[in-house]
Amino acid sequence: PLPHMRFKDVDNDLVKIEDSVTEAGGEIIILKGKVYDEQGKPVSGARVEIWQCDVNGRYLHTGERGRGERDPAFQGFGHNITNEDGDYSFRTIKPAAYPGRTPHIHVKVFSGNQELTTQFYIAGHPQNMRDSIYRRLSEAQRKLLNMEFVKGENWPETQVNIFMG
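Description of the structure in this document. Since the structure is predicted, the reported quantities are computational estimates derived from the model, not experimental observations. (Residues numbered from 1 in each chain as written. Predicted model: local features only at pLDDT ≥ 70, side-chain atom pairs only at ≥ 80, totals over all residues. Heavy atoms only, no water.)

## Some points on the overall build of the chain
Helices and strands together make up the secondary structure of the chain, namely 2 helices and 9 strands. Order of helices (α) and strands (β) in the chain, N terminus to C terminus: β-β-β-β-β-β-α-α-β-β-β. Expected size for 165 residues packed as a compact globule is a radius of gyration near 15 Å; at 15 Å, the chain falls within 12% of this value. Within the chain, buried positions represent 47% of all 165 residues. Counting only contacts in the chain whose residues sit at least 6 apart along the sequence, the fraction spanning at least 24 positions is 68%. (Helix = DSSP H or I, 4+ residues; strand = E, 2+ residues; numbered from the N terminus. Rg over C-alpha atoms; globule rule 2.2 N^0.38 Å. Buried < 20%, exposed > 50% of the residue type's maximum accessible area, 1.4 Å probe, protein only. Contact = heavy atoms within 4.5 Å.)

Here it is as structure tokens:
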């Protein structure tokens, strides 16, 4: 979503919009990881942005059409700044599929003059191999972009590390 389409609340919790009583629908997850530079060192101060559709398969975008009503409690876009160890984290929902695409989360990372745009996918999802973008990835690339979930303290968690350069 372009800046004018986003909520004022663009933090790393996409499930709860500031000043709202209601939380978003869908299965809550924790997405976390580290950002590394080309030498394999953690990157501090990188801006990690994510955006994804809601549980109904709708994006927070003025050009979005069809597929039912958008979940008004889902933030749809958020960002986090990596700490000194390169850590980032988000509370969001497990991504939903929509016609033509397997479930995924869009990711953009800004670090100095570097910019990386990618997507994260649910490991082993039955729709992955029908997705035109996922199919173009090599097996090594898929391993880097797949989200595998483990039981977390409160919600399922996945860790996806990001390598710049």
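## Observations concerning the pattern of salt bridges
A side chain of one charge can pair with a side chain of the opposite charge if their charged atoms are brought near each other. Scanning the entire structure with this criterion turns up 9 salt bridges. Across the pair Glu 157 and Lys 32 runs a salt bridge, and its minimum N-O distance is 2.9 Å. Here Glu 157, found in strand 8 (residues 157-159), pairs with Lys 32, found in strand 1 (residues 28-36); they are 125 residues apart in sequence, far enough to count as distant. Assessed through its relative accessible area of 18%, Glu 157 is described here as buried. Notably, a salt bridge pairs Glu 115 with Lys 108, separated by 3.1 Å at the nearest N-O pair. (Salt bridge = Lys/Arg side-chain N within 4 Å of Asp/Glu carboxyl O.)

## Let's talk about the environment of Asp 19
On the secondary structure map, Asp 19 appears in the segment before strand 1. Residue Asp 19 is classed as exposed on the basis of its relative accessible area, which comes to 79%. Placed 68 residues apart in sequence, Asp 19 and Asp 87 show a C-alpha to C-alpha distance of 27 Å.

## Describing the sheet that holds strand 2 (residues 47-51)
Through backbone hydrogen bonds, the strands of a sheet pair up, either in parallel or in antiparallel fashion. Spatially, 3-2-5-6-7 is the arrangement adopted by the 5 strands of the open sheet, whose pairing is mixed. Since the sheet does not close on itself, it has two edges, and those belong to strand 3 (77-81) and strand 7 (146-147), each with one partner. Strand direction decides the pairing type here: strand 5 (residues 104-111) and strand 6 (residues 114-122), joined by 8 bridges, are antiparallel. Following the sheet pairing, His 106 is matched in strand 6 by Gln 119. (Pairing = 2+ DSSP bridges.)

## Some words on the side chain of Asn 146
Looking at the element boundaries, Asn 146 is found in strand 7. A distance of 3.2 Å separates polar atoms of two side chains, one belonging to Asn 146 and the other to Tyr 134. Among all residues touching Asn 146, those that are not within four sequence positions of it are Tyr 121, Ile 122, Ala 123, Tyr 134 and Val 160. (Polar contact = N/O pair within 3.5 Å; in protein donor to acceptor, adjacent residues only side chain to side chain.)

## Things to note about the nonpolar core
A general feature of soluble globular proteins is that nonpolar side chains tend to end up buried together. Membership of the largest hydrophobic core comes to 27 residues, with the highest contact counts inside it found for Leu 31, Val 35, Tyr 88, Phe 120 and Ile 162. Residues within four places of Phe 120 in sequence aside, it is in contact with Leu 31, Tyr 88, Pro 103, His 104, Ile 105, Val 107, Leu 145, Met 147, Val 160 and Ile 162. Core analysis: the next-biggest nonpolar cluster, separate from the first, contains 7 residues, Val 10, Tyr 59, Phe 77 and Tyr 98 among them. (Core = buried A, V, L, I, M, F, W, Y, C linked by side-chain atoms within 4.5 Å.)

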